[in-house]
Amino acid sequence: MKLDRKEILSALESISIAGEGKNMVESGAVQNVITFGDEVVVDLLLTTPALHIKKRAEVDIMKVIHEKIYDKAKVKVNIKVEAPEKPQIKGKSIPGISNIIAVSSGKGGVGKSTITANLAVTLANMGFKVGVLDADIYGPSMPIMFDVEGAKPISVEVDGKSKMKPITGYGVEILSIGFFTSPDQAVIWRGPMAAKALNQMIFDADWGELDFMLLDLPPGTGDIHLSIMQSLPITGAVVVSTPQAVALADAKKGVAMFQNESINVPVLGIIENMAYFTPEELPNNKYYIFGQEGAKNLAADLDVPFLGEVPIVQSIREAGDYGRPAALQTATPVQVAFETLARSVVEETVRRNDNLPPTEAIKITTMAGCSAVKK
């Protein structure tokens, strides 16, 4: 039996590709129909590589030809996939903010938030305009550390748009999810929801002119980190670790995350927190409770700058709990330690800006940033 091409096209107008409104002939999915006696070849162009959609289209074509044209027709469906390029999600810089520094740690409990808060007030006391974005969605601590736990950002109008006004503490502009939740409320969000909240605090806020924005990232190397680096062009990253081997192993992974070829954020250096303990009654004694110079040695091994060390001092913990960062304690070893850190961060930022092009926000693909994936 000789099959008629026009009859086949007419029959194919009765079916459509899953997820599309038009029939497959009208939509242009059917590229060509060729007949040879009782044989028919249908060339189909799809815009999705999904296996179930390809199989469904093939089955529908065979079924409609067998039912409406000829039940013994030999049908072959050639499927070609041309998926349209997805627009690349590019992060955008925030007007007025010169440097965005991510403060990260491979694991929790190493004092990353304490370092961020004290670094921020030290930079502010040095004359810089500083902001802190508390990106630790599930454990926000900046409201406590700056004694602004009960504060609520107000709405201001900027260029005809409503923006959040960051809370100011000790000369530092601060935004945190902690301002929008009650202290005893757990933030139970999936990654996309947390990322959306962060984007609102980043782009829907009136940050004004800042020399440095410090991002207090959550521990580890996960979804929030990728979302932040997708949204913002990070100037550089600082990794905080304590000296013991367990913490160093995770700090190494933290550095590797930023240096991943899909992410490529310059690492400004490593900070060693809780480096040693000096009793108040024995000021010349140093007790290396967690090991000696572990983070310093790691920095040398990874060929990244060592930014400095902070000792275990009771007043640092107390100051954080009372909401007055310890770096504000004038003429103390703690203030000197944080000033050394701040100078190192500024120097490395200047060096990075002099020698490297501006960072671009990473382009997230399905597996970008996943270290286990071989490209």
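A brief structural summary. (Residues numbered from 1 in each chain as written. Predicted model: local features only at pLDDT ≥ 70, side-chain atom pairs only at ≥ 80, totals over all residues. Heavy atoms only, no water.)

This part covers the side chain of asparagine 273. Position of asparagine 273 among the secondary structure elements: in strand S12 (residues 267-277). For asparagine 273, a relative accessible area of 7% corresponds to the buried category. A polar atom in the side chain of asparagine 273 sits 2.8 Å from the backbone oxygen of valine 110. Leaving out residues up to four positions away in the same chain, asparagine 273 has contacts with Val110, Gly111, Ile115, Val240, Ser241, Thr242, Pro243 and Val310. (Helix = DSSP H or I, 4+ residues; strand = E, 2+ residues; numbered from the N terminus. Buried < 20%, exposed > 50% of the residue type's maximum accessible area, 1.4 Å probe, protein only. Polar contact = N/O pair within 3.5 Å; in protein donor to acceptor, adjacent residues only side chain to side chain. Contact = heavy atoms within 4.5 Å.)

Strand order across the open sheet formed by eight strands is S8-S9-S5-S10-S4-S11-S12-S13, with mixed pairing between neighbours. Edge strands, defined here as strands with exactly one partner in the open sheet, are strand S8 (167-169) and strand S13 (306-312). Between one strand axis and the next, the sheet turns through 25° on average, direction left out of account. In this structure, strand S4 (residues 97-104) lies alongside strand S11 (residues 236-241), joined through four bridges in parallel fashion. Pairing of alanine 102 across the sheet is with alanine 237, part of S11. Against the sheet, helix H10 (residues 333-355) contacts S4, strand S10 (210-216), S11, S12 and S13, and its axis sits at roughly 165° relative to S13. (Pairing = 2+ DSSP bridges. Axes fitted to C-alpha atoms, helices over the stretch in contact; angles between N-to-C directions.)

Bringing unusual backbone geometry into the picture now. Despite not being glycine, tyrosine 170 shows a phi value in the positive range, around 55°. Mapped onto the secondary structure, tyrosine 170 falls in the loop between S8 and strand S9 (172-176). The exposure class assigned to tyrosine 170 is partly exposed, which follows from its relative accessible area of 32%. Unusually for a residue other than glycine, glutamate 293 sits at a positive phi of about 55°. Its location among the elements puts glutamate 293 in the loop between S12 and helix H8 (294-302).

Scanning the model with the defined rule gives three aromatic pairs in all. Above the plane of the ring of tyrosine 276 lies lysine 286, whose end atom (NZ or CZ) is 4.4 Å from the centre. (Phe/Tyr/Trp six-rings, centres within 6.5 Å; stacked < 30°, edge-to-face > 60°. Lys NZ or Arg CZ within 6 Å of the ring centre and 35° of its normal.)

The next thing to look at is the pairing of strand S6 (residues 154-158). With zero of five residues buried, S6 is to be regarded as a mostly surface element. Note that S6 and strand S7 (residues 161-165) share five bridges and pair antiparallel. Residue serine 155 lies in a different strand from S7, and its bridge partner there is methionine 164. Connecting S6 to the antiparallel partner S7 that follows it, the hairpin turn spans two residues, and aspartate 159 within it adopts a positive phi of roughly 55°.

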